[in-house]
Amino acid sequence: MEKIPAHTGWSWVKQGFALFRKQPAEISTLFLAYMFLMLALGIIPVLGQMLPLILIPLFSMSFMQACAQIEKGERVYPNLLLIAFRSPARNTLFKLGLLYLLVATLVVAASALADGGTFWKAMMGGGLSTEELQSAAGSMRIAMLVAAALYVPAAMAFWYAAPLIMWQQMPLGKALFYSFFAVRRAGRAFLVYGLAWIVIAIVVPTVISMIIALVSGSFTVVFFILLPISIMLTVVMYCSFYPTYTSVFGKPRRGPDSPHPGDNPAA
């Protein structure tokens, strides 16, 4: 596995935009269906807080498979949202999701050492008052930085794990191992990739919102203009995950989990 040069990180972002431009309506529909399903799951008491995290690996493969099909010139349909649930790798992906939930919980819990548990209470829906949040703002920022630093190694292990499990039939431990060291070897590219998305997804919308607010003086106008922009950028970011995989592990081979051209849920 060769080291990936730093400029590849920007190439991943550009490829994400290129994939989006090929089927913007289709991939956006897939994303909106995903968001609607997450909102529906959130209604379930107790489990509604855990299921969105547990199911991340399964739903992430919906977008990875969609990008693979877009690249081949195949049409993307909403039924791709559940492709991982029909895969033989479903149980392993579910275990990956449980591990993801466990690690996220442990990381946020560890951050309590920095702020006495305020960030933990906020993340767990502890119902903190505005006064409590304001008084603990400084320590919460430190706790968030601690949580982010602790989560980096886990994020490296999780990044490629789902596609390695589903596309290369790797067991859970092997997928986590390969993912961690693949991200480590491509560290400079991922740094550029992350910085690029910080600028695109945070700085650019902020500047746009400030300009619109100065021109129109209306928060409503800002909201209705930024909302579709934010959705589009989120979908493009999801599309950019795919080239981060293919540049390291190559194109996914068509297997039993992959739908064939012309597969349509309405057929």
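Small disclaimer: the values here were computed from a predicted structure and weren't measured. (Residues numbered from 1 in each chain as written. Predicted model: local features only at pLDDT ≥ 70, side-chain atom pairs only at ≥ 80, totals over all residues. Heavy atoms only, no water.)

1. Details of the nonpolar core
Nonpolar side chains in soluble globular proteins tend to end up buried together.
Item 1. Membership of the largest hydrophobic core comes to 65 residues, with the highest contact counts inside it found for Ile27, Met61, Leu93, Tyr160, Met166 and Trp167.
Item 2. Element by element, the count of residues in this core is highest for helix 4 (residues 56-71), at nine residues.
Item 3. With sequence-adjacent residues up to four places away left out, Tyr160 is seen in contact with Ser179, Ala182, Val183, Phe190, Thr244, Tyr245, Val248 and Phe249. (Core = buried A, V, L, I, M, F, W, Y, C linked by side-chain atoms within 4.5 Å. Buried < 20%, exposed > 50% of the residue type's maximum accessible area, 1.4 Å probe, protein only. Helix = DSSP H or I, 4+ residues; strand = E, 2+ residues; numbered from the N terminus. Contact = heavy atoms within 4.5 Å.)

2. A short note on a positive patch on the surface
Item 1. Together, Lys3, Arg184, Arg185 and Arg188 give the surface a local cluster of positive charge.
Item 2. Here Lys3 is to be found in the segment before helix 1 (8-22). (Patch = residues over 30% accessible without salt bridge, like charges linked within 9 Å, V, L, I, M, F, W, Y side chains within 5 Å. Areas by Shrake-Rupley, 256 points an atom, 1.4 Å probe, with all protein chains shown as cover. Salt bridge = Lys/Arg side-chain N within 4 Å of Asp/Glu carboxyl O. Lys, Arg positive; Asp, Glu negative; His and termini not counted. Charge placed at Lys NZ, Arg CZ, Asp CG, Glu CD.)

3. Observations regarding the UniProt feature "transmembrane region" (unreviewed entry) in the protein
Item 1. Residues annotated in UniProt with the feature "transmembrane region" (unreviewed entry) correspond here to residues 31-56, 96-120, 140-162, 190-215 and 221-245.
Item 2. Each end of residues 31-56 is marked by a C-alpha atom, and these two atoms are 13 Å apart; helix forms 81% of the span and strand 0%.
Item 3. Counted over residues 221-245, helix gives 100% and strand 0%. Its end C-alpha atoms are 38 Å apart. (UniProt positions renumbered as here; feature names shortened; annotations may be inferred.)

4. A few points about the packing of helix 4 against helix 5 (residues 90-110)
Relative placement of two packed helices is described by the angle separating their axes and the distance separating the axes.
Item 1. In the contact formed by helix 4 and helix 5, the axes pass within 7 Å of each other and the chain directions differ by 120°. Of the possible angle classes, the one that applies to helix 4 and helix 5 is oblique. When helix 4 is examined against helix 5, the residues Ile56, Pro57, Leu58 and Met61 are found in contact with a partner set consisting of Arg90, Leu93, Phe94, Leu96, Gly97 and Tyr100.
Item 2. Residues of the contact of helix 4 with helix 5, tallied by class, amount to eight nonpolar, one polar and one charged. (Axes fitted to C-alpha atoms, helices over the stretch in contact; angles between N-to-C directions. Parallel < 35°, antiparallel > 145°, perpendicular 65-115°, else oblique. Nonpolar A, V, L, I, M, F, W, Y, C, P; charged D, E, K, R; others polar.)

5. Focus: the layout of surface pockets
Gaps between atoms show up when a probe of the same size as a water molecule is rolled over them.
Item 1. Space inside the largest pocket adds up to approximately 1200 Å³.
Item 2. Taken together, 34 residues make up the lining of the largest pocket; nearest its centre are Tyr100, Tyr151, Ala155, Trp159 and Phe241.
Item 3. Mapped by element, the contributors of at least two residues to the lining of the largest pocket are helix 4, helix 5, helix 9 (137-159), helix 10 (161-167), helix 11 (172-185), helix 12 (187-216) and helix 13 (219-249).
Item 4. Ranked by residues supplied to the lining of the largest pocket, first place goes to helix 12 with eight residues.
Item 5. The residue inventory of the lining of the largest pocket, partitioned by class, reads 29 nonpolar, four polar and one charged. (1 Å grid on protein atoms, 1.4 Å probe; cavity = no way out; pocket = protein on both sides within 12 Å on 5 of 7 lines; lining within 4 Å. Points joined across faces, edges and corners; volume = space filled by probe spheres on them.)

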